[in-house]
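If you want the building blocks of each chain, they are given just below.
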Amino acid sequence: MGTIEIYNNLVKEGKAKEMIIILPDTYAPADGVGVPPSFDPEHVAGYDNFINELINDIMPYVEKHYSVAKGRENTALAGFSMGGRNTLYIGFTHPELFGYLGAFSPAPGVFPIEGEHEGLMKPEELKVKDGKEEPIVKMISVGTKDFVVTNNPETYHNALKENNEEHIWFTVPGAMHDSDAVSAGYYNFIQYLWKNLDKEEEKEEKENEEKEEETAGPGFEFPDGPLPEWDAPVVMEVPKKGYMSKLEVVNTCPPEAKEKKEGVKYSKAEKITYYSKGTKVNRKMNVILPPDYTTEKEYPVLYYLHGIFNNEDGLLEDGMGTIEIYNNLVKEGKAKEMIIILPDTYAPADGVGVPPSFDPEHVAGYDNFINELINDIMPYVEKHYSVAKGRENTALAGFSMGGRNTLYIGFTHPELFGYLGAFSPAPGVFPIEGEHEGLMKPEELKVKDGKEEPIVKMISVGTKDFVVTNNPETYHNALKENNEEHIWFTVPGAMHDSDAVSAGYYNFIQYLWKNLDKEEEKEEKENEEKEEETALPGFEFPDGPLPEWDAPVVMEVPKKGYMSRLEVVNTCPPEAKEKKEGV
């Protein structure tokens, strides 16, 4: 569950405040004895009565025996399953007592269930009564595979929406009614408590000022003054079957993945010069080899493409994490060794080009990169390095203009590239009236009959990306329309920046080279163990294959106010549940 570890680790990292955590027995039958465990109303009544136990006995005892800061702004209520259900009931019945509410995989029973339970309130009553203060935070979460509570948490979410109660709602990829679901909710929730995020306001203002000065690449600057507004929802769509369904994609790159760590060998980028027969000039690119590179092995290759007005150094800038993320994931066994090529993707046919702009004459130099890559760069790499050849050993990914070219080149030549990752892809694959004739029509963004499908196709973009706006979603919708299975997600709070790039890259390179296939045996074993797990004493998952339940990965966070401040993540990082040295 990680109750203690997550709390102490977050306090140590400055992401949560110190607090007292109370874990009561929430089965509180009025007669003190109760009835044998079951889902019958007689047994459930013992949980329904917990509201009285908590308010009349537990809270007075805690306030008497411990040094407690009183008042709703210093009191939170959260719970899992039946505890989540009671959190909603008690919290909305007594908002004057509880300022923060977290319901993780909440069980049914708050609302009436025909023939089973009369309910504790009607859906239209799940709200704060007029004249009472709103809870500062309201959060509901559930695992996408939770066949126990099924769609009940979503029912509560929909009722809150209907009642105009601002709240956070998200699902946990791959989690059932288990510790993965609990810890994801808890990990996010305790970072909100005690107005912890208010201390970030000054820091956020400073970061926003810096954002205005950030560049997506040399020569491209965000506009002066306040940044344009763009606010897209946090979404995630992952195929339900096949290889692409195997990774638990996350909406953000964990900050520690971009840090250099003790005991990890890090690659170096070597800048080399090659002669381009296509453009008839010498050109440069960066080559990143595995730290223990040897010609006795053959390595798969990722061609990683920068954005417009940038060059072969763009993806090595601070915050991108190109080398750190790669080496850290290999060390953790989450990615395989590979060669990463960072070419200059501006390849005008005459080798000179025109001054940087968004005009078609300049963009033509990027359009021509398809020839440079296939006719010059790939042959050079295969000749000078120990490379595993074939589409199953060749990946293509990129940011902005590089993401746009990834889609164009990848779907034009699926026989060459088995893995495609487009992070914040720029417009221009499809025609733009009066600006660009496009490289293909939306109905052509697919693999032609008779050609092999790429093994992985991924598109991502920041929710605040006012540069490419809805263009990535346009590509996502075209792939959907063309029945091309793919991964699509947005990065909370990210603009056209390193946060957006690193989130896509962090997920993408874990998929490469069929890396996840090695997990099959481990997954089978874990699934067997899941069947034996219990969510609560006396409650067991059924014998045999588990029932199927598959909900989409979603996240809905208020766009304004205190609840909008935390970058909620769909999963709890595993290291947050580990005991660490110095904590």
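Here the structure is a predicted model, which is why all the values come from computation and not from measurement. (Residues numbered from 1 in each chain as written. Predicted model: local features only at pLDDT ≥ 70, side-chain atom pairs only at ≥ 80, totals over all residues. Heavy atoms only, no water.)

Colleague: Sorry if this is basic, but what is going on with the overall build of the protein here?
Modeller: Helices and strands together make up the secondary structure of the protein, namely 14 helices and 16 strands. When the 583 residues of the protein are sorted by exposure, 51% land in the buried category. Taken as a whole, the protein presents about 27,800 Å² of accessible surface, with 48% of it coming from carbon and sulfur. (Helix = DSSP H or I, 4+ residues; strand = E, 2+ residues; numbered from the N terminus. Buried < 20%, exposed > 50% of the residue type's maximum accessible area, 1.4 Å probe, protein only. Areas by Shrake-Rupley, 256 points an atom, 1.4 Å probe, with all protein chains shown as cover.)

Colleague: Mind showing me how you'd approach helix α2 (residues 41–48) here?
Modeller: Think of an α-helix as 3.6 residues a turn; residues three or four steps apart then line up on the same face. Among the residues making up α2, those that are buried are H43, V44, G46, Y47 and D48. Where the residues of α2 are buried, they touch α3 (50–65) and α4 (82–93). (Contact = heavy atoms within 4.5 Å.)

Colleague: Sorry, what's going on with the packing of helix α1 (residues 3–12) against helix α6 (residues 179–192) here?
Modeller: A pair of packed helices can be characterised by two numbers: the angle between their axes and the separation between those axes. At their nearest, the axes of α1 and α6 sit 10 Å apart, and the two run at 30 degrees to each other. For the element pair α1 and α6, the recorded crossing hand is right-handed. Two secondary-structure elements touch here, α1 through T3, I6, Y7 and L10 and α6 through S183, Y186, Y187, I190 and Q191. Its residues assigned to classes, the contact of α1 with α6 shows 6 nonpolar, 3 polar and no charged. (Axes fitted to C-alpha atoms, helices over the stretch in contact; angles between N-to-C directions. Left-handed = near helix turned anticlockwise from the far one by under 90°. Nonpolar A, V, L, I, M, F, W, Y, C, P; charged D, E, K, R; others polar.)

Colleague: Sorry, what's going on with the packing of α3 against α4 here?
Modeller: Between α3 and α4, the shortest axis-to-axis distance is 10 Å and the interhelical angle comes to 55 degrees. One way to sum up the angle between α3 and α4 is to call them oblique. The element α3 and its partner α4 pack so that their crossing is right-handed. Where α3 approaches α4, its residues F50, I51 and L54 are matched on the opposing element by N86, Y89, I90 and T93. By residue class, the composition of the contact of α3 with α4 is 5 nonpolar, 2 polar and no charged. (Parallel < 35°, antiparallel > 145°, perpendicular 65-115°, else oblique.)

Colleague: Mind showing me how you'd approach the pattern of salt bridges here?
Modeller: Oppositely charged side chains can pair when the atoms bearing their charge come close. Inspection of the entire model under this criterion finds 22 salt bridges. Between R404 and D367 there is a salt bridge, with its nearest N and O atoms 2.7 Å apart. Within this pair, whereas R404 is found in helix α11 (residues 401–412), its partner D367 is found in helix α9 (residues 360–367), the two being separated by 37 residues in sequence. Like R404, the residue D367 is buried in the burial classification. (Salt bridge = Lys/Arg side-chain N within 4 Å of Asp/Glu carboxyl O.)

Colleague: What is the right way to look at the packing of aromatic side chains in this model?
Modeller: Given two aromatic rings, one states the distance between the centres and the angle between the planes to describe the pair. Using the criterion set out here, one finds 14 aromatic pairs in the structure. When the ring of F111 is compared with that of Y156, the centres are 5.2 Å apart and the planes differ by 75 degrees; the resulting orientation is edge-to-face. Of this pair, F111 sits in the loop between β2 (100–104) and β3 (137–143) while Y156 sits in helix α5 (residues 152–162), and the two are 45 residues apart along the sequence. Plain terms: the ring middles of Y304 and F423 are 6.3 Å apart, the flat faces sit at 75 degrees to each other, and that makes the pair edge-to-face. Here the residue Y304 occupies a position in strand β10 (residues 301–305), and F423 occupies one in strand β13 (residues 419–423), the gap between them amounting to 119 residues. Residue classification places Y304 among the buried positions, given a relative accessible area of 1%. Chaining the aromatic ring pairs together yields one cluster made of Y304, F423, Y505 and F508. (Phe/Tyr/Trp six-rings, centres within 6.5 Å; stacked < 30°, edge-to-face > 60°.)

Colleague: I tried to follow the confidence of the model for the protein on my own but got confused; where do I start?
Modeller: Low pLDDT means the predicted coordinates in that region are not meant to be read closely. Here the protein shows a mean pLDDT of 86. Residues at 70 or above account for 89%. Contacts from residues 200–220, a stretch scored under 50 in pLDDT, to residues over four places away or in other chains number 28 contacts. Within the model, the stretch residues 527–539 combines pLDDT values under 50 with 17 contacts to residues more than four positions away or in other chains. (pLDDT = per-residue confidence, 0-100.)

Colleague: What exactly am I supposed to notice about the environment of P552 here?
Modeller: Here P552 lies in the loop between α14 (520–532) and β16 (553–556). The spatial distance from the C-alpha of P552 to the C-alpha of K240 is 9.1 Å, given a sequence separation of 312 residues. If we skip the residues at most four places from it in the chain, P552 touches T144 and T171.

Colleague: Help me understand the pairing of β16, please; the structure alone is not making it clear to me.
Modeller: Remark: a regular strand shows side chains that alternate across the two faces of the sheet. Only one face of β16 is covered, namely the face carrying V553 and M555; the face carrying V554 and E556 is uncovered. As judged from the 2 bridges shared by strand β4 (residues 168–172) and β16, these two strands associate in the antiparallel manner. If you follow W169 over to β16, its bridge partner there is E556. Alignment of strand β7 (residues 235–237) against β16, held across 2 bridges, turns out to be antiparallel. Bridge pairing in β16 places M236 opposite V553. (Pairing = 2+ DSSP bridges.)

Colleague: Help me understand a nonpolar patch on the surface, please; the structure alone is not making it clear to me.
Modeller: Residues I20, I22, Y61 and Y66 make up a contiguous nonpolar surface patch of roughly 410 Å² in combined accessible area. Checked against the element boundaries, I22 lands in the loop between α1 and α2. (Patch = residues over 30% accessible without salt bridge, like charges linked within 9 Å, V, L, I, M, F, W, Y side chains within 5 Å.)

Colleague: Where do I start with the nonpolar core in this structure?
Modeller: The nonpolar side chains of a soluble globular protein tend to be buried, and buried together. Within the largest apolar cluster, 47 residues are counted, with the highest numbers of intra-cluster contacts made by L302, Y304, F508 and I509. Contributing elements (two or more residues each) for this core: β10, α8 (322–331), β11 (339–343), β12 (394–399), β13, β14 (456–462), β15 (487–491) and α13 (498–511). With 8 residues, α13 is the largest single contributor of residues to this core. Sequence-distant contacts of L302, that is, excluding residues within four places in its chain, are made with M338, I339, I340, I341, A395, L396, A397, Y505, F508, I509, L512 and W513. Within the second largest apolar cluster, 42 residues are counted, among which are Y274, A347, V381 and V447. (Core = buried A, V, L, I, M, F, W, Y, C linked by side-chain atoms within 4.5 Å.)

Colleague: Help me understand unusual backbone geometry in this model?
Modeller: Generally, phi is negative for residues other than glycine and the peptide bonds are trans, each holding for most cases. Of note in the backbone geometry, S105 takes a positive phi value of approximately 50 degrees without being a glycine. Along the polypeptide, S105 turns up in the loop between β2 and β3. Judged by its relative accessible area of 0%, S105 is buried. In this structure, T469 takes a positive phi of about 45 degrees despite not being glycine. Checked against the element boundaries, T469 lands in the loop between β14 and α12 (471–481).

Colleague: When you look at the environment of E298 in this model, what are you seeing that I'm missing?
Modeller: Mapped onto the elements of the fold, E298 is located in the loop between β9 (281–288) and β10. Remark: the alpha-carbon pair of E298 and V387, spanning 89 residues in sequence, is separated by 4.8 Å. Contact partners of E298, with chain neighbours within four places excluded, come to S386, V387 and A388.

Colleague: What is the right way to read the pairing of strand β1 (residues 76–80) from this model?
Modeller: Taken together, the 5 bridges between β1 and β2 define a ladder with parallel strand orientation. Looking at the pairing, A78 lines up with G102 of β2. As for the winding sense of the linkage, the β-α-β connection from β1 through α4 to β2 is right-handed. (Right-handed = clockwise from strand over helix to strand, strands pointing away.)

Colleague: Please explain the environment of F466 as it appears in this structure.
Modeller: Tracing the backbone through its elements, the reader meets F466 in the loop between β14 and α12. C-alpha separation for the pair F466 and M495, spaced 29 residues apart in sequence, amounts to 6.9 Å.

Colleague: Which parts of the structure should I look at to understand the side chain of H362?
Modeller: With respect to the secondary-structure elements, H362 resides in helix α9. Within the local environment of H362, its side chain forms a polar contact with the backbone oxygen of V354, the two atoms lying 3.3 Å apart. With residues near it in sequence (within four places) discarded, H362 still touches F309, Y346, V354, P355, P356 and S357. (Polar contact = N/O pair within 3.5 Å; in protein donor to acceptor, adjacent residues only side chain to side chain.)

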